[in-house]
Amino acid sequence: MSALIVAAAIFAHSPRGLRVLAAQRSYPQELAGLWEFPGGKVEPGEDPESALRRELREELGIEVSIAAGVGVVAGPDGDWTLPGERRMRLWAAYAKGEPRLGQSHTALRWLGESDLESVPWLEGDLQILSPLARLMRSLGRP
Ligand SMILES: Nc1nc2c([nH]c(=O)n2[C@H]2C[C@H](O)[C@@H](COP(=O)(O)OP(=O)(O)OP(=O)(O)O)O2)c(=O)[nH]1
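Residues numbered from 1 in each chain as written. Predicted model: local features only at pLDDT ≥ 70, side-chain atom pairs only at ≥ 80, totals over all residues. Heavy atoms only, no water.

Here we look at the environment of serine 65
Tracing the backbone through its elements, the reader meets serine 65 in strand S5 (residues 63-66). Serine 65 gets classed as partly exposed once you look at its relative accessible area, which sits at 30%. With residues up to four places along the chain from it excluded, the contact list for serine 65 reads Ala92, Ala93, Tyr94 and Lys96. (Helix = DSSP H or I, 4+ residues; strand = E, 2+ residues; numbered from the N terminus. Buried < 20%, exposed > 50% of the residue type's maximum accessible area, 1.4 Å probe, protein only. Contact = heavy atoms within 4.5 Å.)

Side note on the site of the ligand
Lining the immediate surroundings of the ligand are 16 residues, of which Arg25, Tyr27, Phe37, Lys41 and Asp125 lie closest. Tyrosine 27 places a side-chain nitrogen or oxygen 2.8 Å from an oxygen atom of the ligand. For the ligand, an oxygen atom lies 2.7 Å from a polar atom in the side chain of lysine 41. Against a free-state accessible area of 630 Å², the protein chains account for coverage of 79% of the ligand. Because more than half of its atoms lie within 2 Å of the grid, the ligand is assigned to the largest pocket. (Near = heavy atom within 4 Å. Polar contact = N/O pair within 3.5 Å; in protein donor to acceptor, adjacent residues only side chain to side chain. Areas by Shrake-Rupley, 256 points an atom, 1.4 Å probe, with all protein chains shown as cover. 1 Å grid on protein atoms, 1.4 Å probe; cavity = no way out; pocket = protein on both sides within 12 Å on 5 of 7 lines; lining within 4 Å. Sits in = over half its atoms within 2 Å of the grid points.)

Description of the packing of aromatic side chains
Given two aromatic rings, their pairing is described by the distance between the two centres and the angle made by the two planes. Taken as a whole and assessed by the stated rule, the structure comprises two aromatic pairs. Over the aromatic face of tyrosine 27 sits the side chain of arginine 25, whose NZ or CZ is 5.2 Å from the ring centroid. (Phe/Tyr/Trp six-rings, centres within 6.5 Å; stacked < 30°, edge-to-face > 60°. Lys NZ or Arg CZ within 6 Å of the ring centre and 35° of its normal.)

Some words on the pattern of salt bridges
For side chains bearing opposite charge, pairing can occur when the charged atoms are close. For the structure shown, the criterion picks out ten salt bridges. The salt bridge involving arginine 87 is made with aspartate 79; its shortest N-O contact spans 2.5 Å. Owing to a relative accessible area of 19%, arginine 87 belongs among the buried residues under this scheme. Linked by salt bridges that have partners in common, Glu43, Glu46, Arg54, Glu55 and Glu58 make up one network. (Salt bridge = Lys/Arg side-chain N within 4 Å of Asp/Glu carboxyl O.)

As for the nonpolar core
Generally speaking, a soluble globular protein has its nonpolar side chains buried in company with each other. By size, the foremost hydrophobic cluster in this structure holds 27 residues, and its most contacted members are Phe11, Val20, Phe37, Met88, Leu90, Trp121 and Leu132. Elements supplying a minimum of two residues to this core: strand S1 (3-14), strand S2 (17-25), strand S6 (80-82), strand S7 (86-96), strand S8 (105-112) and helix H2 (126-140). Sorting elements by how many residues they give to this core places H2 first, with six residues. With near-sequence residues (within four places) excluded, methionine 88 lies in contact with Leu4, Ile5, Ala7, Phe37, Asp79, Trp80, Leu82, Asp125 and Ile128. In terms of nonpolar packing, the next biggest core, distinct from the first, is built from 13 residues, Leu52, Leu56, Leu60 and Ile62 among them. (Core = buried A, V, L, I, M, F, W, Y, C linked by side-chain atoms within 4.5 Å.)

Just distances and angles here, no functional claims.
Dropping the structure here:
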């Protein structure tokens, strides 16, 4: 069984439309500077959604509510396949409160669906950008 990573596409409504939070990794050196969905590894014995909530609390100091009617942003096989025998489960969520920059990241940025490609994402996340843009268009519609 490959290691499960849990992460969130955290949305916020802004006057210019729906935005999603991208976070720039601070470590390890080979990933530093690349952008990701905040999250991390599930610890032994932890259920995935609790792991997600713990990571978001630790990394950004926020609680989230999972987006009603969306839940998980699924790939072709549900969880997304990442390089290095990893899988990632990605939830659509809304932040309660403003995310704060912690030790894990060097920058946070709210991106609209048309500027998702304006930052260099981790390689495994590139497959998610088009489905995410589609989801953002549908969620952003009145
Ligand atoms: N959080 C996150 N990790 C991702 C994404 N895409 C992607 O390939 N990964 C990879 C990078 C890492 O190899 C792995 C996540 O590990 P991590 O180092 O963030 O996990 P963690 O917060 O539990 O870290 P640590 O305990 O090792 O410090 O998954 C993504 O969008 N978000």
